[in-house]
Amino acid sequence: MTAAVPGIDPNASCVGGDGKVSDWKFVLLFVPADSLCACSPHVAGDVKAVVQDVEAALQILQKRLHRTLVHVAVWSTYQQDNKCECMKDKSINQRLHKATLLKTLQDSLSRVLKNPRWQSQSADFTAMLQSAPVILEPYSDSDNTWSYINQLAVQFWTNMLQPATGQTEVVDNSVITIPCPTQERPFLRTQINSPTDRENTVYSQASTQTDPVMGTEIPCTDRSPSPTTPASVHELRPGDIKVVAAVGDSLTAANGVGAKADNLLLVIKEYRGLSWSIGGDENITTVTTLPNILREFNPSLTGFSEGIGNEDDPKAFLNQAVAGAKSGDMVQQVRILVDKMKNDSRIDFHNDWKVITMFIGGNDICDFCTDSVFFSPRNVVSRIRQALDMLHSEVPRAIVNLVELLNIVPLRDLHRDKTLGCPTWFVSLVCPCILKPKEGSSELQKVNDFNRAYQHAMRELIDSGRYDTHDNFTVVLQPLMREVFLPTLEDGRPDRSYFSPDCFHLSQRAHTLMARGLWNNMLEPVGNKTFTQDFTAAIDLKCPSETNPFFRTAVNSNYTFPGPPPTPAPVTNWGSDFSCVNTAPSDTVPTSVHRLRPADIKVVAALGDSITTGFGAKAKSLLQLRTEYRGVSWSIGGDKTLETVTTLPNILKKFNPKIKGVSKGQGKWQTGFNMAVSGAKISGIPGQVRRLIDTIKKDSSVDFQNDWKLVTLFIGGNDLCQYCNDRASLSPQNYSHHIMTSLDMLYKEVPRTIVNVLEILEIEGLRRIKRDSLGCSVLQKYVCPCFLLPGEDSPELAEVKRINRELQIETEKLMYGGRYDGREDFAVVVQPFFKNTIIPLNFDGRPDTTYFSEDCFHFSVRGHADMAAALWNNMLEPVGKKQTYNNFMNTRNNIRCPTEEHPYIFTKVNSSPSSTTTRAPETDSTAPPHSSTTHSTTSALTSTATSAPTTHSTALPLTSDCSDNVPVWLTAVLAVVGLLIGWAVTWLLLSCRAKKSKRMMTAAVEMKGTMF
């Protein structure tokens, strides 16, 4: 058959002589962007060089291949080449620079590929650019990685097809839908049959600003200052303000405010002169900003920013906002701001009245999902408090506007409507935690909860009254952005003209309304301020009145501070509240581990080291440190009840009060089935398993064959802490061998068992635990010498950190490999809450040592309580969606409950949407304990390249709604998917191997240490 490239039919088969010239070929040409330095002054030349390389590659393909369709895709990960030194600068907005670089490369390639030379005269060769860069996310667990790679494969396939008319975003509801060619658009996409002009037209139409005039009429008649300079901040008129200043992030730096609607690259520019709270370009007739309003009351106002530039530009003046800044950057910004005010001759620091506006928190909420403890509302507002405290103590005659964090979730609507042409991939890089959650998901609910909690915590801070201690300073919360209503067009779609080209930062039109809203908030009484920002409604400026001529503060509003929240009663125990209703066992004893309810568990057991023995958990002195408080051990302790002692067995007692195997008290008198040994390494676990099996069999209270058993294994800390002293026997490969030997014994000998395997915790954070005591100052480093003795950035520390991660990877590989999936009454489940260990912080943002024992290494009873709750919650989370960190919140209401929809403990099998029992794997050892990493990598590559992962992935199933012709072309789809997955995994593995080799070359120094 004959066909021109603009009409390639996905269903077409090929006929021809040698199968080379006549076959139609599809080529994906990936253009890696990670080697480019986004903030380099030479980035334009670097991009040009890459584009030239692509042109050269296309010339070769065009010359040597016929009947070929080439799709070019810009490829990137979240990693940055180590040579890019400027990206290490904390003042650089790394994500915005990275996104802008990708956009620059994308646009440059787009211009090249529109050249007619890539559409051959014989119509048998064409090349086009995929519409958006491909960005591989940094998922650390294999399940999420497979799921995301599947989605990338479907994205590639979708981009290969002609775009459907009126195409809308498909919401992911547990399946990934493969789109199909249609009768109207049956061909693979080319530059000719799917021009992008229509998309650009939609982009421009949706972005057209209908009101180019951004000025505001000032209706106020009385603009005079006070007769004499006021001595009180509560008697401050607009005309009394001499200085304006601001700190914050890109919304105050004014990124993209003056950008033209069709130029996304201008978002990186900072139009500080147009900034709503601090800009001073032109005047109020053309540019509406708070300073331009104030200049109508005092023409000699100073401090505002002008023009375009960063915070170091002289024209930025007292606009010290930094694009990408978070709450933790406020202290530094305030420090610089205060120094500038003190040293500038235009400012009388002690006598001039100042308005300082702080607007921060957007980037914190954009990143909260990466570390919900560090970005918790308490910690974020604590950092804001430190900056405000500095202003309070050092700056006289000032009124500070703390603008409440905006409700950021409505911005998602701009990216749900694909007809707007918003660069969703760009914003996903800049603000991942807001854009990526699915509609109706628990992750999106968490976004809303955190957003509200940030706002509430800011209100609590100001309502404490801590900034109203003298008459020449106050902080007023301005809530104008608490509720945001997006502007809409006549057809109901969001109006893009209020946003910069990235559909995330705000345009000058929005800054105009924000400036008016802030001004009005300043004139409204505390306790009765406008807290909505309705972009669809006109905002008329308010004026000072004869009865209320002053900026409103708590004092002149007669507002009564509620004061700080009451001090909680002293904690007397670390118990938990229990609210679960569905606590009944199964109607009949289940025969499948995948239908196991918590109440079906009859026996608990534990294997491990000093963490599981409860070493020093209740110690109050060094003399008590070596005592094993097994009764409060997180995974096996059974002292008292859940209300006073939080352990896994005490939670299970709420479902089955007669549970057996718990350890009690201290020492070795009532150990139950707690086989853990302080100081144990992984090599000792097979012996512990042997003793456990023998002990359970001998216990007359246990029905060995019929009772369901829960075994928890947590080991590896001592292996890691002593690794530098014995690299050979403590290698990750030997670790995997010993854990496999242990699990093999349980798998072969113990019926009706579910095994919790915990990944080794990320020990590096323990280097931050400090306390002024003998145990912490002297003993801590000798408990774990290989991690705690090396210096920062030393090759020794880099090596042991790598081994830490490799031990986690070895655990995952063994558990996800299907080795223990052959029995219906046995399952091994990785509980990963320790994988990304987060050090608990106190209210001051410092490590909270109350979670640790006297040596600042082992956990206290408080730490054990949090570990128990985290383990239980992991057990009730599906595989692939388990929390991989621990919040260390110690809230009493942190215990999850089984649901009616899923009353079972989660296993790999019952975590998938359609639960089916997997095939029985071989159970005998297939690899020697010292097999090389090269061998295992090769095997992984072979299996991945030949078939999509099924046995160890909880990735979403692929479905298609195509008609009867599906089988003809679906083979091609699956082939492409398989190739893509194989290619992606190959790239990932080779990248990891390259990094591993590089690190191993730098780690060569032997260390000696003494085990505690």
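This text goes with the structure placed above it.
One structure accompanies this document, and this report is about it. This one's a predicted model, so the numbers in the text were calculated from it and none came from an experiment. (Residues numbered from 1 in each chain as written. Predicted model: local features only at pLDDT ≥ 70, side-chain atom pairs only at ≥ 80, totals over all residues. Heavy atoms only, no water.)

**Regarding the overall build of the protein chain**
In step 1: Along the protein chain, the regular secondary structure elements total 25 helices and 16 strands.
In step 2: By residue count, 56% of the 1012 residues in the protein chain fall in the buried class.
In step 3: Sequence separation of at least 24 residues holds for 77% of the intrachain contacts in the protein chain that already meet a minimum separation of 6.
In step 4: Roughly 42,600 Å² of accessible area belongs to the protein chain as shown, and the carbon and sulfur atoms make up 53% of that amount. (Helix = DSSP H or I, 4+ residues; strand = E, 2+ residues; numbered from the N terminus. Buried < 20%, exposed > 50% of the residue type's maximum accessible area, 1.4 Å probe, protein only. Contact = heavy atoms within 4.5 Å. Areas by Shrake-Rupley, 256 points an atom, 1.4 Å probe, with all protein chains shown as cover.)

**Structural notes on the nonpolar core**
In step 1: Core analysis: the biggest nonpolar cluster contains 136 residues, and Leu58, Val72, Leu105, Met358 and Leu388 have the highest contact counts within it.
In step 2: Those residues within four positions of leucine 388 in sequence are excluded, and the remaining contacts are Met358, Val400, Leu402, Leu461, Ile462, Tyr467, Phe473 and Val475.
In step 3: Counting 98 residues, the second-largest nonpolar core is a separate cluster that includes Leu652, Ile739, Leu766 and Val800. (Core = buried A, V, L, I, M, F, W, Y, C linked by side-chain atoms within 4.5 Å.)

**Overview of the sheet that holds strand E9 (residues 473-478)**
In step 1: Taken together, four strands build an open sheet; the order of strands is E6-E7-E8-E9 and the sheet is parallel. Because the sheet does not close on itself, it has two edges, and the strands there are strand E6 (241-248) and E9. In this sheet, neighbouring strand axes are inclined to one another by 20 degrees on average, regardless of whether the strands run parallel or antiparallel.
In step 2: Sheet topology note: the strand E8 (residues 398-403)/E9 ladder contains six bridges and is parallel. (Pairing = 2+ DSSP bridges. Axes fitted to C-alpha atoms, helices over the stretch in contact; angles between N-to-C directions.)

**Observations regarding the pairing of E6**
In step 1: Where burial is concerned, most of E6 is hidden: seven out of the eight residues are buried.
In step 2: With seven bridges connecting them, E6 and strand E7 (residues 353-359) associate as parallel partners. Its bridge partner being in E7, valine 244 is matched across the sheet by valine 355.

**Here we look at the packing of aromatic side chains**
In step 1: Here the structure, examined in full by the defined rule, presents 18 aromatic pairs.
In step 2: Ring centres of tyrosine 747 and phenylalanine 826 lie 5.2 Å apart, and the angle between their planes is 80 degrees; this geometry places the pair in the edge-to-face category. Of this pair, tyrosine 747 sits in helix H19 (residues 732-749) while phenylalanine 826 sits in strand E15 (residues 826-831), and the two are 79 residues apart along the sequence.
In step 3: By relative accessible area, which is 6% here, tyrosine 747 ends up buried.
In step 4: Taken together, the ring pairs connect Trp634, Phe714, Phe833, Phe834, Phe852 and Phe859 into an aromatic cluster.
In step 5: Positioned above the aromatic ring of phenylalanine 704 is the side chain of lysine 709, whose terminal nitrogen or guanidinium carbon lies 5.3 Å from the ring centre.
In step 6: The ring of tyrosine 747 is capped by arginine 823, whose NZ or CZ atom sits 5.4 Å from the centre of that ring. (Phe/Tyr/Trp six-rings, centres within 6.5 Å; stacked < 30°, edge-to-face > 60°. Lys NZ or Arg CZ within 6 Å of the ring centre and 35° of its normal.)

**Looking at the pairing of E7**
In step 1: For E7, a buried count of seven out of seven residues is recorded, marking the element as mostly surrounded by other parts of the structure.
In step 2: Burial of E7 is two-sided: the residues Trp353, Val355, Thr357 and Phe359 facing one way and the residues Lys354, Ile356 and Met358 facing the other way are all buried.
In step 3: Relative to E8, E7 runs parallel, the two sharing five bridges. When the sheet's bridge partners are listed, methionine 358 is paired in E8 with leucine 402.

**Focus: the packing of helix H1 (residues 43-64) against helix H2 (residues 94-113)**
In step 1: Axis separation between H1 and H2 bottoms out at 10 Å; the angle between their running directions is 40 degrees. Overall, the two elements H1 and H2 adopt an arrangement that is oblique. Considering how the two elements wind past one another, H1 and H2 form a crossing that is right-handed. Taken together, the residues of H2 that come into contact with H1 (itself represented by Val43, Val47, Val50, Val51, Val54, Glu55 and Leu58) are Leu101, Thr104, Leu105, Ser108, Leu109, Val112 and Leu113. (Parallel < 35°, antiparallel > 145°, perpendicular 65-115°, else oblique. Left-handed = near helix turned anticlockwise from the far one by under 90°.)

**Regarding H2**
In step 1: For H2, built from 20 residues, the straight-helix expectation of 28 Å at 1.5 Å per residue is met to within 8% by its first-to-last C-alpha distance of 28 Å.
In step 2: Counting buried residues along H2, 14 of its 20 residues qualify, which places the element largely inside the surrounding structure. (Expected span 1.5 Å × (residues − 1).)

**Overview of the sheet that holds strand E13 (residues 708-714)**
In step 1: An order of E12-E13-E14-E15 is seen for the four strands of this open sheet, with the pairing classed as parallel. Taken across any chain shown, the strands that pair with only one partner, and hence form the sheet edges, are strand E12 (601-608) and E15. Pairwise comparison of adjacent strand axes, ignoring direction, gives a mean angle of 20 degrees for this sheet.
In step 2: Where E12 and E13 come together, seven bridges link them in parallel fashion. Bridging across to E13, alanine 606 finds its partner in threonine 712.
In step 3: In the packing of helix H17 (residues 685-698) onto the sheet, the strands contacted are E12 and E13, and the crossing angle to E12 comes to about 150 degrees.

**Topic: the pattern of salt bridges**
In step 1: Across all of its chains, the model carries 37 salt bridges by this definition.
In step 2: In this structure, glutamate 749 engages arginine 690 in a salt bridge whose closest nitrogen and oxygen atoms are separated by 2.7 Å. With glutamate 749 in helix H19 and arginine 690 in helix H17, the pair connects residues that are 59 residues apart, well separated along the chain.
In step 3: With a relative accessible area of 28%, glutamate 749 lands in the partly exposed category. (Salt bridge = Lys/Arg side-chain N within 4 Å of Asp/Glu carboxyl O.)

**Focus on the packing of helix H7 (residues 330-343) against helix H9 (residues 377-394)**
In step 1: It is at 8 Å that the axes of H7 and H9 come closest, and there the two elements cross at 20 degrees. One element, H7, and the other, H9, form an angle in the roughly parallel class. Between H7 and H9 the crossing geometry is right-handed. The segment H7 lies against H9, with Met330, Val331, Val334, Arg335, Val338 and Lys342 engaging Arg383, Gln386, Ala387, Met390, Leu391 and Glu394.
In step 2: Looking at the contact of H7 with H9, its residues break down into seven nonpolar, one polar and four charged. (Nonpolar A, V, L, I, M, F, W, Y, C, P; charged D, E, K, R; others polar.)

**Concerning helix H22 (residues 795-816)**
For an α-helix, the turn length of 3.6 residues means that residues three or four places apart are oriented alike.
In step 1: Here H22 is 22 residues long and its end C-alpha atoms lie 31 Å apart, about the 32 Å a rise of 1.5 Å per residue gives.
In step 2: Looking at the residues trailing H22, positive phi occurs at glycine 818, about 85 degrees.

**As for the side chain of threonine 424**
In step 1: With respect to the helices, strands and loops of the structure, threonine 424 is situated in helix H11 (residues 424-430).
In step 2: There is a polar contact of 3.1 Å between the side chain of threonine 424 and the side chain of histidine 415.
In step 3: Setting aside chain neighbours within four positions, we find threonine 424 in contact with His415, Lys418 and Leu435. (Polar contact = N/O pair within 3.5 Å; in protein donor to acceptor, adjacent residues only side chain to side chain.)

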